[in-house]
Amino acid sequence: GKGCRVIVCGLSSVGKTAILEQLLYGNHMIGSEANETLEDVYIASVETDRGVKEQLRFYDTRGLREGMELPKHYFSFADGFVLVYSVDSLESFRRIEILKREIDKAR
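Cut-offs applied
Residues numbered from 1 in each chain as written. Predicted model: local features only at pLDDT ≥ 70, side-chain atom pairs only at ≥ 80, totals over all residues. Heavy atoms only, no water. Pairing = 2+ DSSP bridges. Helix = DSSP H or I, 4+ residues; strand = E, 2+ residues; numbered from the N terminus. Axes fitted to C-alpha atoms, helices over the stretch in contact; angles between N-to-C directions. Contact = heavy atoms within 4.5 Å. Polar contact = N/O pair within 3.5 Å; in protein donor to acceptor, adjacent residues only side chain to side chain.

Asks: In this structure, what is going on with the sheet that holds strand β2 (residues 39-47)? I would like to understand it.
Replies: Hydrogen bonding along the main chain pairs the strands of a sheet, whether they run parallel or antiparallel. Across the sheet, 4 strands lie side by side as β2-β3-β1-β4; this open sheet has mixed pairing. Each end of this open sheet is capped by a strand with a single partner; those strands are β2 and β4 (80-83). Strand after strand, the sheet turns through a mean of 25° between neighbouring axes, direction not considered. Pairing of strand β1 (residues 4-9) with β4, which is carried by 4 bridges, proceeds in the parallel orientation. Across the sheet, residue cysteine 9 finds its bridge partner in β4, namely leucine 83. Here helix α1 (residues 16-25) sits on the sheet in contact with β1, β2 and β3 (53-61), set at roughly 155° to β3. Sheet strands touched by helix α3 (residues 90-106): β1 and β4. Its angle to β4, the strand with the most contacts, is close to 170°.

Below you can see the structure in the form of structure tokens.
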């Protein structure tokens, strides 16, 4: 089958990489040191409910900061988005709401 490209985005230090590491490798430790990501691509092979193998590419994006936007090229090639926020940061949730509107407008 065709591969799917999924963009994982949100503010800096909300746990985007930790979620991917836990999902794909099961190896994230609570309280482990956060390193800033520029951009990483994680590739996973999954089997659908129809028994078809699909390749998922997760683009772990650089954390957004004040005044930064998600680079526009992501909007054009993504098949889906994972919007990540921190439960103890209202600001990170508000930025995700804005980002969701931008994604909806671009698609």
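Here the narrative resumes, following the displayed structure.
Asks: Looking at this structure, I do not really get the side chain of threonine 61. What am I missing?
Replies: As for its position among the elements, threonine 61 is in strand β3. Reaching out from threonine 61, the side chain makes a polar contact with the backbone oxygen of valine 8 at a distance of 2.7 Å. Dropping the residues within four chain positions of it, threonine 61 is found in contact with Ile7, Val8, Cys9, Lys16, Thr37, Leu38, Leu70 and Tyr74.

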